[in-house]
Amino acid sequence: MSPSPHSWDLTPREAIAVQQQLRGLVRLEPLRQEINTIAGADISFNKFSEVVYAGIVVLSLPDLRIIESVGIRSTSKFPYVSGLLSFREAPSLLEAWEKLQTKPDVLMLDGQGIAHPRRLGIASHIGVLLDWPTIGCAKSILVGRHGELAPEAGSRSPLIDRGEQVGVALRTKKNVSPVYVSPGHLIDLDSAVDLVLRTVTRYRQPEPTRQAHLLVNQIRVADNDERGNET
DNA sequence: GCGACAG
DNA sequence: ATCTTGTCGC
C-alpha cells in the first residue's frame, strides 16, 4: 500500500521529519515477478535556475531497447541539500512518471536507496510513494565505507554504515571507479546488483540512468536555444 | 569543535 | 548538478 502523498513545500527540518515518518514503510524483499522492463530516471537544470528537466526512459530486458521516453519541464524551489535530494528532484520525476504509458517493472534512480543517513534516499522515497520496486545507483557515496575492489568488472565490496550493510560498491567496468548500488523499495540488494549488471553495456553507468541522463540534457539544451537569445 | 556531504 | 577541450592511459 502506498502512503497518502505528503507536501513538498517544506523546510529542511520538516523534510527530515517526513523522512523519519516514511522510513518505516520501506520494504526490502525479493522481487515477485520476472523483470521484463526497467526504467531510469534523472533530472537536469541550468546553473542558478529553478527550471528543472525531468525524464524517465523505459528499456526492455534483456535487449535494452528503448520502449518509451518521457521528458518534462518543471520548476523546483527546494535547494540541493545533502540528504534531502528527493525534495528537490522527486516532484518533477513523479510528474514524468504519471505521463508514462508503460509503467516499468522496476525504476532505477540516479542516487541512493537505503544508503542514506535516515535510510530513505531518493530511490526509497519514490519507491514508497509509488509503492513500486526501485533501485538506487549512485556515482558517489553519501554514507558508508567499503573495502578495496578488484580491478575486474563485476567486483564488489559491501557498503557499510553504522555497522549495517546498506549497499555495495560495484565495479561495472574494468578499471573504472565503482557505482554505489542500494535497494530502494520492494527489492533486495542481490536483485538490485543483478539488475544493474544486466543493464551495463560499454559504459560505467547502467543504461537506464545513462539514457535518462542523456534525455534530460538533450531536452534542456533544446529548450535553451529555443528560448534564450542566440537568434 | 572537526570532518563529511547523493545530485 | 553545471561550467568546458583536449588529452593521457588501458
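See the structure above.
**Q** For this particular structure, what's the right way to read the overall build of chain A?
**A** Regarding its fold elements, chain A presents 5 helices and 8 strands. When its helices and strands are written in sequence order, chain A yields α-β-β-β-α-β-α-β-β-β-β-α-α. Taking 231 residues into account, the globule formula puts the C-alpha radius of gyration at 17 Å, and chain A, at 17 Å, falls close to it. Projecting the C-alpha coordinates of chain A onto the three principal axes gives extents of approximately 50 × 40 × 35 Å. In chain A, buried positions account for 55% of the 231 residues.

**Q** When you look at the pattern of salt bridges in this model, what are you seeing that I'm missing?
**A** Summed over the entire model, instances satisfying the criterion amount to 10 salt bridges. Across the salt bridge formed by Arg119 and Asp161, the nearest N and O atoms sit 3.0 Å from each other. Placement of Arg119 in the loop between strand E4 (106-109) and helix H3 (122-130) and of Asp161 in strand E6 (residues 156-161) is noted, with a sequence separation of 42 residues between them. Residue classification places Arg119 among the buried residues on the basis of a relative accessible area of 10%. In this structure, the salt-bridge partner of Arg210 is Glu207, at a minimum N-O distance of 2.7 Å. With Arg210 and Glu207 both in helix H5 (residues 207-224) and 3 residues apart, this pair spans about one turn of that helix. No difference in accessibility class separates Arg210 from Glu207, as the two residues are buried. Via salt bridges that share partners, Arg119, Asp161, Arg162 and Glu164 belong to a single interconnected network.

**Q** Even after reading the chapter, I still don't get the protein's contact with DNA strand C, so can you show me in this structure?
**A** Within the structure, DNA strand C sits among Ser44, Phe45, Lys47, Lys139, Asn175, His213, Asn217 and Arg220. Sugar and phosphate atoms form 91% of the subset of DNA strand C atoms that lie within 4 Å of the protein. At a separation of 2.7 Å, a phosphate oxygen of DNA strand C approaches a polar side-chain atom of Ser44. Within the side chain of Lys139, one N or O atom sits 2.9 Å away from a phosphate oxygen of DNA strand C. Among the elements of the structure, strand E1 (37-45) and H5 are those that each provide at least two residues to the surface near DNA strand C. The leading source of residues in the surface near DNA strand C is H5, at 3 residues. For the surface near DNA strand C, the per-class residue count stands at 1 nonpolar, 4 polar and 3 charged.

**Q** Can you walk me through the packing of aromatic side chains in this structure?
**A** Here a ring pair, both rings aromatic, is described through the centre-centre distance and the interplanar angle of the planes. On inspection of all chains with the given rule, the structure shows 3 aromatic pairs. Look at Phe78 and Phe87: their rings are 5.8 Å apart centre to centre, the planes differ by 35°, and that puts the pair in the tilted class. Taken as a pair, Phe78 and Phe87 share a single burial class, namely buried. Through successive ring pairs, a cluster of aromatic residues spans Trp8, Phe78 and Phe87. Over the ring of Phe45 we find Arg88; its NZ or CZ atom is 4.5 Å from the centre of that ring.

**Q** Explanation requested: unusual backbone geometry in the structure shown.
**A** A negative phi angle characterises most non-glycine residues, just as the trans form characterises most peptide bonds. Between Leu61 and Pro62 the backbone carries a cis peptide bond, its omega angle lying at 5°. Checked against the element boundaries, Pro62 lands in the loop between strand E2 (51-60) and strand E3 (66-75). The phi torsion at Arg119 lies on the positive side, around 60°, for a residue other than glycine. Phi at Asn175 is positive, roughly 60°, even though this residue is not glycine.

Calculation criteria
Residues numbered from 1 in each chain as written. Chains lettered and ligands numbered in written order. Predicted model: local features only at pLDDT ≥ 70, side-chain atom pairs only at ≥ 80, totals over all residues. Heavy atoms only, no water. Helix = DSSP H or I, 4+ residues; strand = E, 2+ residues; numbered from the N terminus. Rg over C-alpha atoms; globule rule 2.2 N^0.38 Å. Buried < 20%, exposed > 50% of the residue type's maximum accessible area, 1.4 Å probe, protein only. Salt bridge = Lys/Arg side-chain N within 4 Å of Asp/Glu carboxyl O. Near = heavy atom within 4 Å. Polar contact = N/O pair within 3.5 Å; in protein donor to acceptor, adjacent residues only side chain to side chain. Nonpolar A, V, L, I, M, F, W, Y, C, P; charged D, E, K, R; others polar. Phe/Tyr/Trp six-rings, centres within 6.5 Å; stacked < 30°, edge-to-face > 60°. Lys NZ or Arg CZ within 6 Å of the ring centre and 35° of its normal.

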